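Observations on the model geometry
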Amino acid sequence: MHAFDAALRLEQIGTDRLPARFAGHTSADYWNMVGPFGGNTAAVVLAAILRHPDLLGAPLSITVNYAAALTQGPFEVQVLPARTNRSTQHWTAAIVQNDEEGQAQVVTTATAVTAVRRETWSLSDRPMPLVPAPAELPVRGVERAMAWLGQYEMRPVSGSIPEAWDDRLGADSTTRLWIRDQPPRPLDFCSLLACSDVFFPRVWLRRATYTPAGTVSITTYFHASAQELQATGQGWLLGQASAQEFRNGFFDQSAQLWNEAGVLLATSHQIVYYKA
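Our subject in this report is the structure included herewith. (Residues numbered from 1 in each chain as written. Predicted model: local features only at pLDDT ≥ 70, side-chain atom pairs only at ≥ 80, totals over all residues. Heavy atoms only, no water.)

Focus: the environment of Trp258
Secondary-structure assignment places Trp258 in strand β12 (residues 250–259). Considering only alpha carbons, one finds Trp258 and Ala224, 34 residues apart in sequence, at a separation of 9.8 Å. Excluding residues within four positions of it along the chain, Trp258 makes contact with Arg126, Pro127, Met128, Pro129, Trp236, Leu237, Leu238, Gln240, Val263, Leu264 and Leu265. Here the side chain of Trp258 touches Arg126 through a polar contact of 3.1 Å, landing on its backbone oxygen. (Helix = DSSP H or I, 4+ residues; strand = E, 2+ residues; numbered from the N terminus. Contact = heavy atoms within 4.5 Å. Polar contact = N/O pair within 3.5 Å; in protein donor to acceptor, adjacent residues only side chain to side chain.)

The structure is reproduced here in structure tokens:
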């Protein structure tokens, strides 16, 4: 089993659908500084929604709020289809984990929308940038910094982590890089969601200061169909991320993910805490 699939392994608890409850366990393979990699946590929530017996359609958007860091050990995902319409279905979700005293605590909240997509007029207003192919670029060697980085192969195009933490103010906060699971794995909605959160904090690039930072909330929008994900297969994704505002301990980040054919698969926006 691929490490990503093992990290998303869930067992339904009982048959109650209000809300449906799934038992999971944190993965050491996707560990970050003080808890799991946020993209993996978001993917766990989406995996639970996709397993619900009343699911309508495919993922359209998901917002994940990180109320507290998951600790190593078991947890429970609770998902509820709050409203089902003709073409859209609205979800609420939460990850609950016992604290040191055995009291259940909400550590993650989320909302999501799934939808039935129909063929319509379509246009991409965000073409993929012209960049070197993955084979023309070296691999970024930071896998040992945190466990989850070892689960991805990344080939930076521009906007890499500063070579020196010299407090020099950068001119831009944009990063572009090629990314895929390591070892390669066929792309699906959960892995696409995880990839939308792989970018290092924009404040590092803009400020060249090693600043503690963490995502507070991330929203990812899925533009791709299941067929387009299948066509992407184990191929590379080009990721692009940039910030718009750094102020009073928080900054935002917008990101886009294209496949090698230039199809925009997903976009995301998040708000990130940083310690000045």
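What follows continues from the structure just given.
So, a nonpolar patch on the surface
Together, Met33, Val34, Trp165 and Tyr210 make up an exposed nonpolar region whose accessible area comes to about 460 Å². With respect to the helices and strands, Trp165 occurs in the loop between β7 (152–158) and β8 (175–181). (Patch = residues over 30% accessible without salt bridge, like charges linked within 9 Å, V, L, I, M, F, W, Y side chains within 5 Å. Areas by Shrake-Rupley, 256 points an atom, 1.4 Å probe, with all protein chains shown as cover. Salt bridge = Lys/Arg side-chain N within 4 Å of Asp/Glu carboxyl O.)

Notes on empty space enclosed by the protein
If you walk through the whole model with that rule in mind, you get 2 cavities of 30 Å³ or more. Of the pockets and cavities examined, the largest cavity occupies roughly 70 Å³. Lining the largest cavity, in full, are Ile179, Arg180, Asp181, Pro184, Arg185, Leu187, Cys195, Gly233, Gln234, Gly235 and Leu237. Element by element, the count of residues in the lining of the largest cavity is highest for β8, at 3 residues. Per-class residue counts for the lining of the largest cavity are 5 nonpolar, 3 polar and 3 charged. Lining the second largest cavity are Ala7, His25, Thr26, Ser27, Pro36, Asn40, Thr41, Val44, Leu70 and Phe75. The element best represented in the lining of the second largest cavity is helix α2 (residues 38–50), accounting for 3 residues. Residues of the lining of the second largest cavity, tallied by class, amount to 5 nonpolar, 5 polar and no charged. (1 Å grid on protein atoms, 1.4 Å probe; cavity = no way out; pocket = protein on both sides within 12 Å on 5 of 7 lines; lining within 4 Å. Points joined across faces, edges and corners; volume = space filled by probe spheres on them. Nonpolar A, V, L, I, M, F, W, Y, C, P; charged D, E, K, R; others polar.)

Re unusual backbone geometry
Of note, the amide linkage connecting Gln182 to Pro183 takes the cis form, showing an omega dihedral of 0 degrees. Structurally, Pro183 can be placed in the loop between β8 and α3 (189–195). Although it is not a glycine, Asp167 sits at a positive phi angle of roughly 60 degrees. Structurally, the position occupied by Asp167 is in the loop between β7 and β8. Relative accessible area serves as the criterion here: at 55%, Asp167 is assigned to the exposed category. You will see that Asn248, though not glycine, has its phi angle at about 50 degrees, which is positive. Taking the relative accessible area as the measure of exposure, Asn248 reaches 72% and is therefore exposed. (Buried < 20%, exposed > 50% of the residue type's maximum accessible area, 1.4 Å probe, protein only.)

Structural notes on the pattern of salt bridges
Per the counting criterion, the structure on display carries 7 salt bridges. Residue Arg21 is joined to Glu76 by a salt bridge in which the shortest nitrogen-to-oxygen separation is 2.9 Å. Of the two residues, Arg21 sits in strand β2 (residues 20–25) while Glu76 sits in strand β4 (residues 74–84), which places them 55 residues apart along the sequence. Relative accessible area serves as the criterion here: at 31%, Arg21 is assigned to the partly exposed category.

Points about the pairing of strand β3 (residues 58–66)
Pairing between β3 and strand β6 (residues 104–115): 8 bridges, direction antiparallel. By the bridge assignment for β6, Ser61 is matched with Val113. Note: β3 against strand β9 (residues 213–222), 5 bridges, orientation antiparallel. When the bridges of β9 are listed, Ser61 appears paired with Tyr221. (Pairing = 2+ DSSP bridges.)

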